[in-house]
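# Descriptive analysis of the structure
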Amino acid sequence: MLFWVLLVAGLAARYAAGRPRLGGALLFCVPLIDVVLLVTTVLSIRDGVEPTVWHGLSAAYLGITVVYGHRTIRWADAKFARRCAGNAPPPPPKLYGRAAVLDAWAGWFRFLLAYAISVGLIFGLVALVGGPDRGAPLLVWLNPLTKVLVYSLIWPVVTTVRPGRAPHRPADTP
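As a starting point, this report considers the structure included with it.

Reading the values: the criteria
- Residues numbered from 1 in each chain as written.
- Predicted model: local features only at pLDDT ≥ 70, side-chain atom pairs only at ≥ 80, totals over all residues.
- Heavy atoms only, no water.
- Salt bridge = Lys/Arg side-chain N within 4 Å of Asp/Glu carboxyl O.
- Helix = DSSP H or I, 4+ residues; strand = E, 2+ residues; numbered from the N terminus.
- Buried < 20%, exposed > 50% of the residue type's maximum accessible area, 1.4 Å probe, protein only.

Before going further, it helps to spend a moment on the pattern of salt bridges. The full count for this structure, using the stated rule, is 2 salt bridges. Asp77 is the salt-bridge partner of Arg14, the closest N and O atoms lying 3.1 Å from each other. One end of the pair, Arg14, is in helix α1 (residues 2-16); the other, Asp77, is in helix α3 (residues 53-85), with 63 residues separating them in the sequence. Relative accessible area serves as the criterion here: at 28%, Arg14 is assigned to the partly exposed category. Here Glu50 and Arg134 are joined by a salt bridge, their closest N and O atoms 3.6 Å apart. With a gap of 84 residues between them, Glu50 in the loop between α2 (20-46) and α3 and Arg134 in the loop between α4 (97-129) and α5 (136-139) connect regions that are remote in the sequence. What makes Glu50 partly exposed here is its relative accessible area of 49%.

Below you can see the structure in the form of structure tokens.
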């Protein structure tokens, strides 16, 4: 939640309020949320707090935001720039042919990286608490993360088999 609050506040300051330095400072704080979350989770577990599914969620969240956070900020910045500063819209993505196939696989590999980071953090927390017996609540997140990874593989496979074609544009005839 704090991610979105700082993101919107930073972009609003940058574009709507015309304060680019303040906006930049607020946007700089967005990734710091991840650092604070990681430190508080590790300190909490290291201080002997019984691990819960919430600690596992923080590890899963961190893996996803490390991979997708920058893209999300760039996407939102482009939207704000278009609405508030009158920037031109970005070119539409190619949703057909080889470009669609490459985009679909790039998206899946991006999530695979987020998955690997999340799982690494979860197992790191499990090791920190003393093993799988005490870390069982943390391991709960492996199931949904793995399901999303497997289910998200459907789109690249389907796109590879049927990449689609460029839209047909009729020739101009008088």
